[in-house]
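Observations on the three-dimensional arrangement
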Amino acid sequence: MNPRIRIEKEEILSDNWYVLKKMTFRYQRGDGTWETQVREAYDRGNGAAILLYDAKRGTVVLTRQFRMPTYMNGNASGMLIEACAGLLDGQNPDDCIRREAEEETGYRVTNVRKLREAYMSPGSVTEILHLYAAEYDPQMRTGGGGGLEEEQEHIEVLELPFARALAMVDSGEIRDAKTIMLLQQAQLEGLLTPPARRPLQILVAGPYRSGTGDDPERIEANLRAMNETALRVYELGHLPVLGEWLALPLLETAGSRHMGDEVWERMFHPSAIRLISCCDGVLRIGGPSAGADEMVRAAEAAGKRVYRSIGELPELQ
């Protein structure tokens, strides 16, 4: 707590939709003297917003809906173009924004990347907004979006060329702060600039021990399947890597005597997780595997691309 602030009184002025409080407090100035201040603060919880973008087609997905406060303050139609957003309502921000994206836009995105957090109106509103970006493509669409009927959401989904969206910021057609921030951040980072055609380092993740009962022949078959996939990745012009290529020699050198011993548990999967930070993406193959799924989750958390089939990789050769 800040020793220069002493809360003297907290009054709830409204607890209808969200909570409006009147705060009376003592504030110590820079010269050491104390003064009493009174402020009102609106607590609506924290939120998240996301920019969906398709780098290949150069498009972004935005929404348009009626916003009463803007209608009260000079927006003649009350309609506002925005990035998809919603309140956390106690949910983890990553989970919240995936849910909101599907409800509002109809796209089920997985590789969400957090950009930053920001106070949107610190003079009167407590809200912190978590800002995200995620790639989408037409195959990710699961429905029409539009929001939830029970929440009286009537949301129009807009797919726009990125250049057009930026021009709408300049013209004033887009006036929503979070949306402007996200579009400008995408421009700064070059998210929609076609990437240079370069080889990608791809971690091939699939079952190793899973489902084998530790039968050496079945483990060898799993490793062979991953090696065969790695060869196909290489033939596309990329650099494949398996966690096993790194881990197995390290385990032998470290003195591991059998699968599942202390050295194995300490090094096998953790070495693959470290490897993810050096890779551009993960290619998930094969059947059920807790270890491979862990690598997928780690890749998504790091903002890395997750490929579900080798056909999703760009061909460079």
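As a starting point, this report considers the structure included with it. (Residues numbered from 1 in each chain as written. Predicted model: local features only at pLDDT ≥ 70, side-chain atom pairs only at ≥ 80, totals over all residues. Heavy atoms only, no water.)

Nonpolar side chains in soluble globular proteins generally cluster together in the buried interior. Formed by 26 residues in total, the largest nonpolar core has its most connected members in Val60, Leu62, Ile174 and Leu183. Only strand S4 (47-54), strand S5 (59-66), strand S9 (128-135), strand S10 (156-161), helix H3 (162-171) and helix H4 (177-189) provide two or more residues apiece to this core. Sort the elements by how many residues they give to this core and H3 lands first, with five residues. (Core = buried A, V, L, I, M, F, W, Y, C linked by side-chain atoms within 4.5 Å. Buried < 20%, exposed > 50% of the residue type's maximum accessible area, 1.4 Å probe, protein only. Helix = DSSP H or I, 4+ residues; strand = E, 2+ residues; numbered from the N terminus.)

What follows deals with the pattern of salt bridges. One side chain can pair with another of opposite charge once the charged atoms of both are near each other. Overall, the coordinates contain 24 salt bridges when judged by the stated rule. Here Arg99 makes a salt bridge to Glu103, at a shortest N to O gap of 3.6 Å. Here Arg99 pairs with Glu103, and both are found in helix H2 (residues 93-105), just four residues apart, close to one helical turn. (Salt bridge = Lys/Arg side-chain N within 4 Å of Asp/Glu carboxyl O.)

Taken together, Phe66, Met68, Tyr71, Met72 and Met79 make up a surface patch of nonpolar side chains, about 540 Å² in accessible area. The residue Tyr71 is located in helix H1 (residues 68-71) in this model. Owing to a relative accessible area of 45%, Tyr71 belongs among the partly exposed residues under this scheme. (Patch = residues over 30% accessible without salt bridge, like charges linked within 9 Å, V, L, I, M, F, W, Y side chains within 5 Å. Areas by Shrake-Rupley, 256 points an atom, 1.4 Å probe, with all protein chains shown as cover.)

Once that is clear, we can look at the sheet that holds strand S14 (residues 305-307). The four strands are arranged S12-S11-S13-S14 in an open sheet whose pairing can be described as parallel. Two strands bound the open sheet, and with one partner strand each, they are strand S12 (239-242) and S14. Averaged over all pairs of adjacent strands, the angle between their axes in this sheet comes to 30 degrees, without regard to strand direction. Examined bridge by bridge, strand S11 (residues 201-205) and strand S13 (residues 281-284) share four bridges and lie parallel to one another. The residue of S13 that forms the bridge with Leu203 is Val282. Lying on the sheet, helix H5 (residues 216-235) is in contact with S11, S12 and S13; it crosses S12 at an angle near 165 degrees. Docked against the sheet, helix H8 (residues 290-301) engages S11, S13 and S14, running at close to 150 degrees with respect to S13. (Pairing = 2+ DSSP bridges. Axes fitted to C-alpha atoms, helices over the stretch in contact; angles between N-to-C directions. Contact = heavy atoms within 4.5 Å.)

A few words now on the pairing of strand S7 (residues 84-87). Within a regular beta strand, the side chains point alternately toward one face of the sheet and then the other, so they alternate between its two faces. By the alternation rule, side chains of S7 split into Cys84 and Gly86 and Ala85 and Leu87, which are all buried. In terms of strand pairing, S4 meets S7 through four bridges, oriented antiparallel. Across the sheet, residue Gly47 finds its bridge partner in S7, namely Leu87.

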